[in-house]
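# Examination of the molecular architecture
Residue strings, one per chain:
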Amino acid sequence: MDNIKRLGVLTGGGDAPGLNPAIRGVFYKAVELGYEVIGIKDGWKGLLEKETIVLSKADVDSALTKGGTILGSSRTNPYKREGGKEIAYENFKELGLSGLIAIGGEDTLGVAGQLVRDYQLPINGVPKTIDFDVPETDFTLGFFTALEVTTDILERLQDTAKSHHRVMVLEVMGRHAGWLGLFTAVAGGADYVLVPEKKADIEELIAKTKRALSDKGFAVVVVSEGAVLDESMLKDRPVDEFGHVQLGGMGEVVAQFLEKSLNTEVKCVILGHAQRGGKPSVIDRILPQLQALKAVEWLDKGQTGVLAAYKEGTIKPVDLTLVVGKNRPLPESLIDDFGVFFRG
């Protein structure tokens, strides 16, 4: 075994704007501290299959302003593969890694936390998800860029809705938490919003939409993909290796319901993966780089098993085990405060 210090970095789960800046932050700090940086391809899948690449300054610099991830991603869960966690541990050692930075959401970070718990591997995490639902942090890379996209689309839909005197429904992502849905609706001036944290009030939905049609001649409704209007839609759907039901289509259910209830034309737009792509906004370039370099700095000093969380205006280390199996729903108080725009 050689004496080279090697630091691994991977990106797992759904892609998000800001992943490449985070990879760049890992690279620059690691090189400064004397590490060779090994990019692990396609999330935890790459660790299981030992698919890696030695990263260079040219790689990370050219990717700073690009969306997606130069390392690739997947939803692979080593703990759902036979002997997966053992293979992950052995490959970690065979690759000669001194440590690993895992950039991801609840699932990717959950695996990181489990590997730290089971094998005491030196792993730190950087929070990522456009759903904004990783607990213990007030910032997840990708959210604000996605919010700009969804708000822009909402504004465009309002133009069409007004021109044709119709109701438009916009479905955005948000499996367990409605941050993206609620903030899109507030920022873009939607007439109603449905989020996973609050049971759908059918009468209120109909009344508010009908009033908007009467007052201004059109209406726009935002629906988080995890909001439930019809429970039967969730039956017999495929699940991924983390046990998540495949979502998408609740916006169409809401549109069909409103069309029947209001006896008027209703159109639905499901943004799907479009809201995850595109170049990262300025905030999704700056903070991810800072979080990433702090994650490397702490690991080099022996502080491992932590998440580089943004809390109270600074980057703080948070125990990764606090993230395992948890998410960050919208606070009821926030739903109530913004509810003034959607009631009546």
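Attention here is on the structure that accompanies the text. (Residues numbered from 1 in each chain as written. Predicted model: local features only at pLDDT ≥ 70, side-chain atom pairs only at ≥ 80, totals over all residues. Heavy atoms only, no water.)

## Considering the environment of Ala207
Considering the arrangement of structural elements, one finds Ala207 in helix α8 (residues 202-216). Of the residues examined, Ala207 reaches a relative accessible area of 41% and is grouped as partly exposed. Once the C-alpha coordinates of Ala207 and Pro280 are considered, the two residues, 73 residues apart in sequence, prove to be 38 Å apart. (Helix = DSSP H or I, 4+ residues; strand = E, 2+ residues; numbered from the N terminus. Buried < 20%, exposed > 50% of the residue type's maximum accessible area, 1.4 Å probe, protein only.)

## Brief notes about the packing of aromatic side chains
Taken as a whole and judged by the stated rule, the model has 13 aromatic pairs. Ring centres of Phe143 and Phe144 lie 5.0 Å apart, and the angle between their planes is 75°; on these two criteria the pair is classed as edge-to-face. Summarising the aromatic geometry, the rings of Trp179 and Phe183 are spaced 5.7 Å apart at their centres and angled 80° between planes, so their arrangement reads as edge-to-face. With Trp179 and Phe183 both in helix α7 (residues 179-188), this residue pair falls four residues apart, about one helical turn. Taking the relative accessible area as the measure of exposure, Phe183 reaches 21% and is therefore partly exposed. Members of the aromatic cluster, connected to one another through ring pairs, are Phe132, Phe139, Phe143, Phe144, Trp179, Phe183, Tyr310, Phe338, Phe341 and Phe342. Geometry around Phe218 places Lys216 over its ring, the cationic atom sitting 4.6 Å from the centre. The ring of Phe132 carries Arg328 above its face, with NZ or CZ at 4.7 Å from the centroid. (Phe/Tyr/Trp six-rings, centres within 6.5 Å; stacked < 30°, edge-to-face > 60°. Lys NZ or Arg CZ within 6 Å of the ring centre and 35° of its normal.)

## Digging into the side chain of Gln275
Looking at the element boundaries, Gln275 is found in the loop between β9 (266-270) and α10 (283-300). At 2.7 Å, the side chain of Gln275 forms a polar contact with the backbone oxygen of Gly272. Among residues more than four places away in sequence, those in contact with Gln275 are Ile130, Ala146, Val149, Thr150, Glu171, Val172, Met173 and Leu180. (Polar contact = N/O pair within 3.5 Å; in protein donor to acceptor, adjacent residues only side chain to side chain. Contact = heavy atoms within 4.5 Å.)

## Focus: the nonpolar core
Ranked by internal contacts, the top residues of the largest apolar core, which has 75 residues, are Ile101, Ile103, Val169 and Leu258. What Ile103 contacts, discounting residues up to four positions off in sequence, is Val9, Leu10, Thr11, Gly12, Leu19, Ala22, Ile23, Thr108, Val126, Lys128 and Leu141. Residues Leu10, Ala88, Leu95 and Val111 belong to the second largest nonpolar core, which totals 25 residues. (Core = buried A, V, L, I, M, F, W, Y, C linked by side-chain atoms within 4.5 Å.)

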